[in-house]
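Coordinate analysis (summary)
The chain contents come next:
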Amino acid sequence: MDISEKLKKQIIDAARENQALQIIGNNSKAFYGRSEEDNNEPGMLPINVAEHSDILDYQPSELTVTARAGTPLSEIISLLAEHKQMLPFEPPVFDNQATLGGCVATAMAGPRRPWTGAVRDYLIGTRILTGEGKEIRLGGKVMKNVAGYDLFRPMAGALGTLGLMLDITLKLLPLPEQEVCYCMDSDTNNMTQIL
């Protein structure tokens, strides 16, 4: 569902009243960033993007996906798995509550990050609303080599301080043919000897 006009109106009204905004998806990452006391301070206006969800464009052959910020990560991961593809940075899904916008805004990645890269490394483009309610498109929908600044990359990890993300385009990777997990039985006494 596209609620970008509703979100735009809320931002413009908040700017006019000089109100601070708290961007919320499904609130799966409420523990991250600002403290709970800061989030409950008077004048903090919640703006919910959870309804702004849908996968807009998925090109398996191009290894790209574009979705609205409120789209649940679990929905995206399921679709990609059908085509043997994945989000390279393995974002945490927090009981299927995490959204794509929250994933990019917090730049949270999983255990594969040291080997495949961070969220910002796979961000191709985004469409945002500024603090004044202006719509800006940064980057694009395809991977290509271009000269210039990647103005969309700072959106990863900015916690919404640079603007409210509406649509996000990411590069994908094929799922590995095989995965191997090694486990070792140990207790804390053995671990101190190993270290």
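Residues numbered from 1 in each chain as written. Predicted model: local features only at pLDDT ≥ 70, side-chain atom pairs only at ≥ 80, totals over all residues. Heavy atoms only, no water.

**Topic: the overall build of the chain**
The condition that has to hold: Helix and strand definitions follow DSSP, with helices as H or I runs of at least four residues and strands as E runs of at least two, each counted in order from the N terminus. The buried label goes to any residue with under 20% of its type's maximum accessible area, the exposed label to any with over 50%, and the partly exposed label to all in between, with areas taken from a 1.4 Å probe on protein chains only. Under the convention used here, a 1.4 Å probe and the Shrake-Rupley method define accessible areas, while residue burial counts only the protein chains that appear.
In terms of regular secondary structure, the chain is built from six helices and nine strands. Taken over 195 residues, the chain has a buried fraction of 37%. Here the chain has roughly 11700 Å² of accessible surface; of this, 50% comes from carbon and sulfur atoms.

**Digging into the environment of Thr106**
The condition that has to hold: Any pair of N or O atoms that falls within 3.5 Å is considered a polar contact. Within protein, one atom must be able to donate a hydrogen and the other to accept it, and sequence-neighbouring residues count only if both atoms are side-chain atoms.
Turning to its location among the elements, Thr106 is positioned in helix H4 (residues 100–106). The exposure class assigned to Thr106 is buried, which follows from its relative accessible area of 10%. C-alpha separation for the pair Thr106 and Leu159, spaced 53 residues apart in sequence, amounts to 5.5 Å. At a separation of 3.5 Å, a polar atom in the side chain of Thr106 contacts the main-chain carbonyl oxygen of Cys103.

**Digging into the pattern of salt bridges**
Spelled out, the test is: We define a salt bridge as a contact between a side-chain nitrogen of Lys or Arg and a carboxyl oxygen of Asp or Glu at a distance within 4 Å.
All told, the structure shown has eight salt bridges when counted by the stated rule. A salt bridge links Arg127 to Glu135, with the shortest nitrogen-to-oxygen separation between them at 3.0 Å. Judged by its relative accessible area of 8%, Arg127 is buried.

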